[in-house]
Amino acid sequence: MIEQKGKTAIIRIFHVHKQYGAKKALTDITLDVLKNDFLFINGPSGAGKTTLLKLLYRGEPVSEGQILIDGLNLSRISRRRIPFLRRQFGIIFQDYKLIPTKTVFENISIVLESRGKKRRFIEKKINSLLRTVGMADRRDAFPPSLSGGEQQRIAVARAVAGDPKIILADEPTGSLDNESASIIIKLLKQFHTRGATIIIATHDRQLIRETGGRVIQLSQGQLRFVTFQETVKTDPADAGPT
Amino acid sequence: MQGRHNRSDFSIFIMKLFCQKAIHDIRTNRFLNTVTVITIGLSVLIVSAFTLFIVNAGDMMRDWEKGVQLMAYLEPDIQEAVRLEIKDRIQSMPGIAKIRFISSVEALHQLKMQMKRQSAILKGLDKNPLPDAFEIRMTGAARDLQQVEALANRLESVEGVAEVEYGQQWLGRFLDIFNLLRLAGYAIGGIFFMAAVFIVANTIRLVLYSRQEEIEIMRLIGATDGFIKAPFYIEGLIQGACGGIIGIAALFLAYFLVASNIQQDFSSNLLTIRFLPPVIVLSIILCSMFVGWLGCYLSLKQFLKV
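Residues numbered from 1 in each chain as written. Chains lettered and ligands numbered in written order. Predicted model: local features only at pLDDT ≥ 70, side-chain atom pairs only at ≥ 80, totals over all residues. Heavy atoms only, no water.

**Topic: the pattern of salt bridges**
Counted under the stated rule, the structure contains 20 salt bridges over all chains. Between D140 of chain A and R139 of chain A there is a salt bridge, with the nearest N and O atoms lying 3.8 Å from each other. Between D59 of chain B and R274 of chain B there is a salt bridge, with its nearest N and O atoms 2.3 Å apart. Of this pair, D59 of chain B sits in helix α2 (residues 30–66) while R274 of chain B sits in the loop between α9 (225–265) and α10 (278–303), and the two are 215 residues apart along the sequence. Judged by its relative accessible area of 17%, D59 of chain B is buried. (Salt bridge = Lys/Arg side-chain N within 4 Å of Asp/Glu carboxyl O. Helix = DSSP H or I, 4+ residues; strand = E, 2+ residues; numbered from the N terminus. Buried < 20%, exposed > 50% of the residue type's maximum accessible area, 1.4 Å probe, protein only.)

**Description of the packing of aromatic side chains**
According to the stated counting rule, one finds eleven aromatic pairs over all chains in the structure shown. Consider the rings of F38 of chain A and F40 of chain A, whose centres lie 5.7 Å apart with planes at 55°: the pair is tilted. Aromatic pair F252 of chain B and F275 of chain B: ring centres 5.0 Å apart, planes at 90°, arrangement edge-to-face. A residue pair is termed long-range when its members are at least 10 positions apart, and F252 of chain B in helix α9 and F275 of chain B in the loop between α9 and α10 qualify at 23 residues. Accessibility expressed as a relative area gives 16% for F275 of chain B, which makes it buried. Chaining the aromatic ring pairs together yields one cluster made of F193, Y233, F290, W293 and Y297 of chain B. (Phe/Tyr/Trp six-rings, centres within 6.5 Å; stacked < 30°, edge-to-face > 60°.)

**Concerning the confidence of the model for chain B**
Counting all residues, the mean pLDDT for chain B is 82, and 87% of those residues have values of 70 or more. Taking the mean pLDDT of every element in chain B, the minimum, 72, falls on helix α5 (residues 120–123) of chain B and the maximum, 91, on α10 of chain B. (pLDDT = per-residue confidence, 0-100.)

The following block contains the structure:
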């Protein structure tokens, strides 16, 4: 494992290629993500950001190359083990992906139920999470009755409910207003300080400048460069997705 | 010990959770589930009606078989010594329970008694046309029609026996029809079984399509296929059980109405229809639950493969 300032790599990507038929989505990606990293994958639409995230949680198989998650080679993982791999991840989507027919509580409880947690534990955990994301009073609401920002806060609560090592967020602020977006980023930072590795795919450069962290730049499926962005404080009223 | 308690508590919790989810799904997709339950119920009704017929027809056949007796008619003018020899030979044959000699005089007397008012026809006879005969009853184990037939052939080969008759010869022909109906019953049962499985599979598939996004989300958060599938299996089992119970209840109602009428018409014990024994009722309900489970299995196998 690669070590950097005492940190080990939790994700290792070796010469990964991904093709959909004749179309190349990713070409020769090699990258290490360290434990407790705060990483942005930046690039325009169609650059391969979402594809790269999908490869990490085995939403798609790689066409070529290898990916290691905490030492586990995804090319050798059986279909039955995929759910257990995914439990290492908390995934946040731009369109929230909440189940509209289930309450806020039920949406989060699925994560814990599927891991075989007991009712009392689930109640306690979800109440605590809802307090953290500021949604304790909307426990019994159904997602369609919530605003976009509120739904994304529930999605964050769901993503962290299983205490994942890695949080993957695909354009988490893409459909939110500035205020909601900054709440989501604050929450992600909070979970980062608690030890989680955060990977955010976004095309929003302003968000990266305001948040700070390691940035990888994707363009036409190729990794262009890796940089470190210092936090640049701006007036939240001016900040917004570009 | 504590660990075992915890495990059983956990299993109860998980089962309760799956059952709650299944019941919630049934409530949400009320129309689809009602259609499925009614279809299973109708299939069960038709198949169990056939079973009811076969069970009662089988009972009837057994009753008739019990009454099988053979008549061995002797050649005319047989000496008593020869007759006794014939009797000894017949008695030595396996499966014979009782043998009784009926002389031609006794036979004519019996005939006159049976004919009552029409017995005047017999008065004009100048000679007794009836032969001497042996009435033969068989042991319980030998009442099978094939064995009766074999015995009849053996009796016919005895010297001094002119003809052998057993009143239920027609039973053989009825048995053939009965076997044909039983075969048809199996075929119809098989067809309805497949139809019910197909319908359950389609219902579950429709439910799966309506919940495609939810299932996808569950997979993304790390739910195992087992966790996703279990409520559907319970749903299938509930559908099967409900369909089975409805089918059997409808059959019982029909039985109650039809059987009471038939038994009134045949006021004697000539025709008694009994309902399916509890073991068969339970088997039918278990079978319909299996239909529900199989329908789910086929749908889920196809749906979650992707």
